[in-house]
Amino acid sequence: MFSRRCVWVNGPVIVGAGPSGLAVAAGLKDQGVPFVILERADCIASLWQKRTYDRLKLHLPKQFCQLPNFPFPDHYPEYPSKRQFIEYLESYANHFNINPQFNECVQSAKYDEACRLWRVKTVAASGGGEVEYICQMLVVATGENAERVVPEIEGLKEFGGEVIHACDYKSGEGYRGKKVLVVGCGNSGMEVSLDLCNHEAKPAMVVRSSVHVLPREVFGKSTFELAMFMLKWLPLWLVDKIMLVLAWMILGDIEKYGLKRPSAGPLELKNTQGKTPVLDIGALEKIRSREIQIVPGIKKFSCGMVELDNGENLEIDSVVLATGYCSNVPYWLQETEFFAKNGYPKASFPNGWKGNGGLYAVGFTRRGLSGASADAMKISQDIAKVWKDDLKQKKQKVPTHRRCISTF
Ligand SMILES: Cc1cc2nc3c(=O)[nH]c(=O)nc-3n(C[C@H](O)[C@H](O)[C@H](O)COP(=O)(O)OP(=O)(O)OC[C@H]3O[C@@H](n4cnc5c(N)ncnc54)[C@H](O)[C@@H]3O)c2cc1C
Ligand SMILES: NC(=O)C1=CN([C@@H]2O[C@H](COP(=O)(O)OP(=O)(O)OC[C@H]3O[C@@H](n4cnc5c(N)ncnc54)[C@H](OP(=O)(O)O)[C@@H]3O)[C@@H](O)[C@H]2O)C=CC1
Ligand SMILES: O=C(O)C(=O)Cc1c[nH]c2ccccc12
């Protein structure tokens, strides 16, 4: 017979200790609301610490990436490096005295209608110990990038060479002289291809459909900042048109390199399909000089080879799947009213942060870190209000953790 530890949590359970979970936690600390954060990894911000490449820098200027009530240090550059961003998040957690429970992967969460409580089951990441947390409120902060997307492509098993996902790519060091097929042309595909070039590897990047490439800066100003500024006065479609004219002036016609532009504009596409435009940090120059080869979709792999949709065959040594990420909420949250099948809230920004029965979602806005901060502020305020009203009613506080042992 197993024994499962059962923990009553006074206050909400937050699932995920990335920027979103930390931002909600900080807001709750500020208002004196207790909580528990459950994190499957052994550190905060595991996406940034464990699943990103060495030379990554933030894409958006720092003022769009800082979390509430704790700015970046003044000496940070306009686009902080991954190391700097991680250091910032570590000091954020220290400043607010946030101590997540690491190595606890949430396996299931279910609202118990009878007692109006959430039952959140975790398993230790190393296997073994199971715990059931019982709480009144549940904050989903597992992110838009929780799991890698690995497409099934014919013959990939017979390929024989190394196949990795972009989240396991650290640097081009080991690829010198190698022919690498990079599948996907989002920001990851572009930046992995650029890094491979910088390490004298030979990347070919698969562009199966279309992509918006924008310069990271226009006349020395961040393109993103400019777009946000224009959106205050102009409709989105017009800002998109202006962005495309500026991109054409600065980057030229990218279609002649095989990079077809989508018919919807870059901001419209980000809003409707969550597809992030590429903010170019140098890959385009390598595409122009043919150091990065652009190739069409993949038909199939065979031993050491790939056959493309245009019938061409390429010899390759390795494959990097820069094929994106997905939410993992449908795997563990037993709820279908607030969350859609794709693991995002059904209501879009700014309405997708609060469900029924004390359910909240942070960081599913398709607006990066600034969207996560906006959600977090609303959530921590709402929870604090519920909490304080509740306290007033009870007039007496219950201990933070009440433990019991249940058997099954
Ligand atoms: C390569 C890359 C670069 C990016 N650059 C930028 C940028 O420059 N600017 C920007 O605004 N956005 C950027 N983003 C978007 C990114 O989504 C945000 O930066 C940010 O990490 C989102 O924070 P989050 O806390 O919502 O999700 P995450 O950072 O993914 O954190 C979620 C946490 O939840 C944990 N978790 C997941 N499932 C479970 C579970 N079942 N149980 C327990 N814990 C779980 C994970 O281990 C993780 O630590 C980038 C994304 C990527 C992939
Ligand atoms: N410096 C930074 O700030 C960086 C930020 N990021 C962010 O991380 C998030 C994820 O980006 P990313 O990892 O690039 O993922 P994306 O989802 O943006 O891109 C995935 C790419 O893979 C392609 N793809 C998927 N399946 C296949 C297939 N079977 N065959 C061929 N192509 C395929 C897609 O093509 P299609 O469009 O045809 O489906 C698309 O080009 C984004 O928000 C991005 O902005 C990423 C890297 C750096
Ligand atoms: O890099 C990302 O994933 C981001 O989410 C940053 C981002 C949010 N909104 C955007 C719109 C255009 C380009 C980048 C972003």
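As recorded by an unreviewed UniProt entry, the chain carries the name Flavin-containing monooxygenase and is attributed to Rehmannia glutinosa. Looking at the Pathway (unreviewed entry) heading of the UniProt record, one finds this comment for the chain: "Plant hormone metabolism; auxin biosynthesis." Looking at the Sequence similarities (unreviewed entry) heading of the UniProt record, one finds this comment for the chain: "Belongs to the FMO family."

**Student:** Can you walk me through helix α10 (residues 368-394) in this structure?
**Tutor:** Residues separated by three or four positions in an α-helix point in the same direction, a consequence of the helix having 3.6 residues per turn. End to end, α10 covers 39 Å across 27 residues, agreeing with the expected 39 Å (1.5 Å per residue, within 8%). The positive-phi residue at the C-terminal boundary of α10 is Lys395, with phi of around 60°.

**Student:** When you look at the site of ligand 1 in this model, what are you seeing that I'm missing?
**Tutor:** In the vicinity of ligand 1 lie 26 residues, with Ser20, Glu39, Ser46, Asn145 and Leu369 positioned nearest. In this structure, an oxygen atom belonging to ligand 1 sits 2.7 Å away from a main-chain N or O atom of Leu369. Those elements that place two or more of their residues in the shell around ligand 1 are α1 (19-30), α2 (46-50), β4 (104-112) and α10. The class makeup of the residues in the shell around ligand 1 is twelve nonpolar, eleven polar and three charged.

**Student:** Sorry, what's going on with unusual backbone geometry here?
**Tutor:** A negative phi angle is the norm for most residues apart from glycine, just as the trans form is the norm for most peptide bonds. Cis geometry is adopted by the peptide bond preceding Pro350, which originates at Phe349 and carries an omega value of 5°. Following the sequence through the fold, Pro350 ends up in the loop between β22 (333-334) and β23 (359-361). Phi is positive for Asn97, which is not a glycine, with a value near 55°. Relative to the elements of secondary structure, Asn97 occurs in the loop between α3 (82-95) and β4. Owing to a relative accessible area of 46%, Asn97 belongs among the partly exposed residues under this scheme. A positive phi is found at Arg366, a non-glycine position, where the angle reads about 60°.

**Student:** How should the pattern of salt bridges be read in this particular structure?
**Tutor:** Note on pairing: side chains with opposite charge can pair once their charged atoms come close. Scanning all chains against the criterion turns up 16 salt bridges. Here Arg40 ties to Glu147 by a salt bridge, and the two come within 2.9 Å at their closest N and O atoms. Residue Arg40 is found in the loop between β3 (36-38) and α2, and its partner Glu147 is found in strand β8 (residues 147-148); the two are separated by 107 residues along the sequence. Given a relative accessible area of 31%, Arg40 falls into the partly exposed group. With relative accessibility at 28%, the residue Glu147 sits in the partly exposed group. A salt bridge links Lys299 to Glu307; its shortest N-O distance comes to 3.6 Å. Here Lys299 falls in the partly exposed class, since its relative accessible area comes to 41%. We classify Glu307 as buried; its relative accessible area is 18%. The structure contains a network of salt bridges with shared partners spanning Asp112, Arg119 and Glu132.

**Student:** Is there a simple way to think about the pairing of strand β18 (residues 305-308) in this case?
**Tutor:** Sheet faces and side chains relate simply in a regular strand, where the side chains alternate between the two faces. Here strand β17 (residues 298-302) pairs with β18 via four bridges, running antiparallel. Across the sheet, residue Phe301 finds its bridge partner in β18, namely Val306. Joining the antiparallel neighbours β17 and β18 is a turn of two residues, in which Gly304 adopts a positive phi near 70°. Of the strand pairs in this sheet, β18 and strand β19 (residues 313-315) are connected by three bridges, and their pairing is antiparallel. In the strand pairing of β19, Met305 is matched with Glu315. Where β18 folds back onto β19 in an antiparallel hairpin, the turn is made up of four residues, including Gly311, whose phi is positive at roughly 90°.

**Student:** Is there a simple way to think about the pairing of strand β20 (residues 318-321) in this case?
**Tutor:** Side-chain alternation along β20 places Ser318 and Val320 on one buried face and Val319 and Leu321 on a second face that is also buried. Note that strand β10 (residues 179-183) and β20 share four bridges and pair parallel. Bridging from a neighbouring strand, Leu181 pairs with Val319 of β20.

Rules used in this analysis
Residues numbered from 1 in each chain as written. Chains lettered and ligands numbered in written order. Predicted model: local features only at pLDDT ≥ 70, side-chain atom pairs only at ≥ 80, totals over all residues. Heavy atoms only, no water. UniProt positions renumbered as here; feature names shortened; annotations may be inferred. Helix = DSSP H or I, 4+ residues; strand = E, 2+ residues; numbered from the N terminus. Expected span 1.5 Å × (residues − 1). Near = heavy atom within 4 Å. Polar contact = N/O pair within 3.5 Å; in protein donor to acceptor, adjacent residues only side chain to side chain. Nonpolar A, V, L, I, M, F, W, Y, C, P; charged D, E, K, R; others polar. Buried < 20%, exposed > 50% of the residue type's maximum accessible area, 1.4 Å probe, protein only. Salt bridge = Lys/Arg side-chain N within 4 Å of Asp/Glu carboxyl O. Pairing = 2+ DSSP bridges.

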